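Structural characterization, general
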Amino acid sequence: MRHDFLDRYSRLSSPVHRLPAGVKLGCAIGSILLIVGLPSGSLWLFGLPTLALLVIAAVSRIPPSFLVRRILFFEPLIVGIAALNLLRPGGGEVFLAILAKSTLSLFTMILLANTTPFHALLRVFRVAGLPALLVTVLALMYRYLFVLVDEAERMSRARSSRTFDPGALRLWRVMATVIVQLFVRSSERAERIFAAMTARGWQ
Amino acid sequence: MNALTIRHLSYCYPDGTTALDDVTMSVEENECIGLIGPNGSGKSTLLLHMNGILPEKISVNSVSVFGMAVSRETLPAIRRMVGLLFQDPDDQLFCPTVFEDVAFGPRQFGEPEDAVRAAVAEALERTGLKGIESRSPHHLSGGEKQRVCLAGILACRPRLLVLDEPTSDLDPRGKRELASFLERLPATKIIATHDLELVVRLCSRAVVMDGGRIVADGPTVEILSQAELMLEHGLEKPHILQHSHPHRTSPDHG
């Protein structure tokens, strides 16, 4: 799997992409705080941030279809949480507010992730004084997430090529073994990565 | 001066497996050594001792590099001198971009940022990787990953290069390119490998390990030509050293 699943368009060249990463991160956090702080009662207020985000999206030249697909990908989660409010009296308004706020926040983050390369964000975190260990952990997570996904994919392919009668119970048991294997392999890999880091002077 | 001296080195893994059993060897400056032996013979464990990654707690100084004993105090200097290439490039490429990865070593050694940039540019140039600085290691081909790993090590300007199975993931073209690159590289080299043709091509001396011990040590052709010795230790006499070469047609037979 390609790990640009997360940030496929972060290396385009547009006025938004050329802005310093720190500015974009600051704006993104600022606008999320603003969106969350908007009063729930007046939905028309959400039109303003929506319009602003749409303009940024247009300037950034990220294909709209990609943005829509990416938002829809996460939307079930938002709808699931928001829908809980429908169960209580007068929850409709809260439902709509949570839906709008979460979707707009998500839109902001997707825009940030796809206009700023991850390593540029890491640099901002470092300059901003985030603990070095935390930044390193984030960097390693970004680097190895998809190595892990690939490994899981290979294992499940090998498994299914030898599974002839996938009964539900059997399948669950096999899944558990795969997860355990993956855990063992990752911890072994972590040891090897640590050795490789120390070999080049990490202390 | 000896580039590497190892005296009576033994090592047990925490689970009790003996990985090295009284290993003694020395390597002269600018020598190129082929370290061969079956799987599990202790080659990789020996390599990890060459820059102090093993043992976990250094108590006895049985390894020294360019006259400097490996100890807790000398570790930074030792790691600077010894460039270690790991078997799986994914373990070694742990940074988000190629540039960051190649710059990792020089930055750890505290070089100023413009010196780091110069070192990275030079290492990428030498490994033929210019122009991929901002790519993510995850999306490179196997051969490219291997070369980025090498660049990351060269950027630290090591005097002793220690390579663990450098050709195991490469296609024949990648192997050829790596071999000719290493041939031209001026440094002391120790190459642990199953690729005996590579040993014949690059190394003047071969060291055979089995069961954590050194069982043979001498000129490459002399060692690798001993068919019985090779078979006994899970190896084989390489094709190019066969006396009656099956594919070679002598001139008088047309």
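Nothing here was measured: the structure is a model prediction, and the numbers come from that model.

**Here's the deal with the overall build of chain B**
Secondary structure assignment for chain B yields ten helices and ten strands. Over its C-alpha atoms chain B spans a radius of gyration of 19 Å, differing by no more than 12% from the 18 Å that the globule rule assigns to 254 residues. Looking at chain B as a whole, 44% of its 254 residues are labelled buried. Sequence separation of at least 24 residues holds for 64% of the intrachain contacts in chain B that already meet a minimum separation of 6.

**Section: the packing of helix 4 (residues 64–83) of chain A against helix 5 (residues 91–113) of chain A**
Residue and element names in this part refer to chain A. Here helix 4 crosses helix 5 at 145°, and the two axes come no closer than 9 Å. The two elements helix 4 and helix 5 cross, and the hand of that crossing is right-handed. Every residue of helix 5 that contacts helix 4 at L67, R70, I71, F74, I78, V79, I81, A82 and A83 is listed here: F95, I98, L99, S102, T103, L106, F107 and I110. Here the residues of the contact of helix 4 with helix 5 are counted per class, giving 14 nonpolar, two polar and one charged.

**Structural notes on the interface of chain B and chain A**
In this complex, chain B contributes 26 residues to the contact, which on the side of chain A involves 22 residues. Mapped by element, the contributors of at least two residues to the side of chain B that touches chain A are helix 2 (75–81), helix 3 (89–92) and helix 4 (98–108) of chain B. With four residues, the top contributor of residues to the side of chain B that touches chain A is helix 4 of chain B. Tallied by class, residues from the side of chain B that touches chain A come to eleven nonpolar, nine polar and six charged.

**A closer look at the sheet that holds strand 1 (residues 2–12) of chain B**
Think of a sheet as strands paired side by side through backbone hydrogen bonds, with each pair either parallel or antiparallel. Taken in spatial order, the four strands line up as 2-1-4-5 (chain B) in an open sheet, and their pairing is antiparallel. Two strands lie at the open edges of the sheet, namely strand 2 (18–28) and strand 5 (68–69) of chain B, each paired on one side alone.

**Points about the nonpolar core**
Within the largest apolar cluster, 74 residues are counted, with the highest numbers of intra-cluster contacts made by V102, V120, A155 and V162 of chain B. Sorting elements by how many residues they give to this core places helix 6 (residues 142–154) of chain B first, with six residues. The contacts of A155 of chain B, once residues within four sequence positions are left out, are V102, A103, G105, P106, A119, V120 and A123 of chain B. The next biggest cluster of nonpolar side chains, apart from the first, holds nine residues, and it includes V16, I35, I110 and L111 of chain A.

**A word on the pairing of strand 3 (residues 32–36) of chain B**
The side chains of a regular strand alternate between both faces of the sheet. Residue and element names in this part refer to chain B. Counting buried positions along strand 3 yields five of five residues, so the element is predominantly enclosed. Sheet topology note: the strand 3/strand 8 (residues 188–192) ladder contains four bridges and is parallel. What sits directly across from L35, in strand 8, is A192.

**With respect to helix 4 of chain B**
In terms of burial, helix 4 of chain B is largely enclosed, as nine of its eleven residues are buried. Within helix 4 of chain B, burial applies to V98, F99, E100, D101, V102, A103, F104, G105 and P106 of chain B. Along its buried surface, helix 4 of chain B packs onto helix 6 (118–127) of chain A together with helix 5 (113–126) and helix 6 of chain B.

**Concerning helix 8 (residues 168–199) of chain A**
Across its 32 residues, helix 8 of chain A extends 46 Å between first and last C-alpha, which sits within 8% of the 46 Å expected from 1.5 Å per residue. Residues of helix 8 of chain A that are buried: I193, A196, M197 and A199 of chain A. On the buried face of helix 8 of chain A, the contacting elements are helix 2, strand 6 (82–85) and helix 3 of chain B. Once helix 8 of chain A ends, the next one or two residues include G201 of chain A, with phi positive near 95°.

**Regarding the packing of helix 3 (residues 47–60) of chain A against helix 5 of chain A**
Residues and elements named next belong to chain A. The interhelical angle for the contact between helix 3 and helix 5, taken along N-to-C directions, is 20°, at an axis separation of 11 Å. As far as their axial angle goes, helix 5 and helix 3 are roughly parallel. At the point where helix 3 passes helix 5, the crossing takes the left-handed sense. Contacts between helix 3 and helix 5 involve P49, T50, L53, I56, A57 and S60 on the former and, on the latter, L104, F107, T108 and L111. When the residues that make up the contact of helix 3 with helix 5 are grouped by side-chain class, the tally is seven nonpolar, three polar and no charged.

**So, the confidence of the model for chain B**
Residue and element names in this part refer to chain B. Mean pLDDT over chain B stands at 90; residues scoring 70 or higher make up 94%. Note on residues 248–254: pLDDT under 50 across the span, and one contact to partners over four residues away in sequence or across chains. For this predicted complex, the interface score ipTM comes out at 0.77, while the overall pTM is 0.79.

Thresholds, definitions, all that
Residues numbered from 1 in each chain as written. Chains lettered and ligands numbered in written order. Predicted model: local features only at pLDDT ≥ 70, side-chain atom pairs only at ≥ 80, totals over all residues. Helix = DSSP H or I, 4+ residues; strand = E, 2+ residues; numbered from the N terminus. Rg over C-alpha atoms; globule rule 2.2 N^0.38 Å. Buried ≥ 20, exposed ≤ 12 C-beta atoms within 10 Å, placed from the backbone. Contact = placed C-beta atoms within 7 Å. Axes fitted to C-alpha atoms, helices over the stretch in contact; angles between N-to-C directions. Left-handed = near helix turned anticlockwise from the far one by under 90°. Nonpolar A, V, L, I, M, F, W, Y, C, P; charged D, E, K, R; others polar. Pairing = 2+ DSSP bridges. Core = buried A, V, L, I, M, F, W, Y, C linked by C-beta atoms within 7 Å. Expected span 1.5 Å × (residues − 1). Parallel < 35°, antiparallel > 145°, perpendicular 65-115°, else oblique. pLDDT = per-residue confidence, 0-100.

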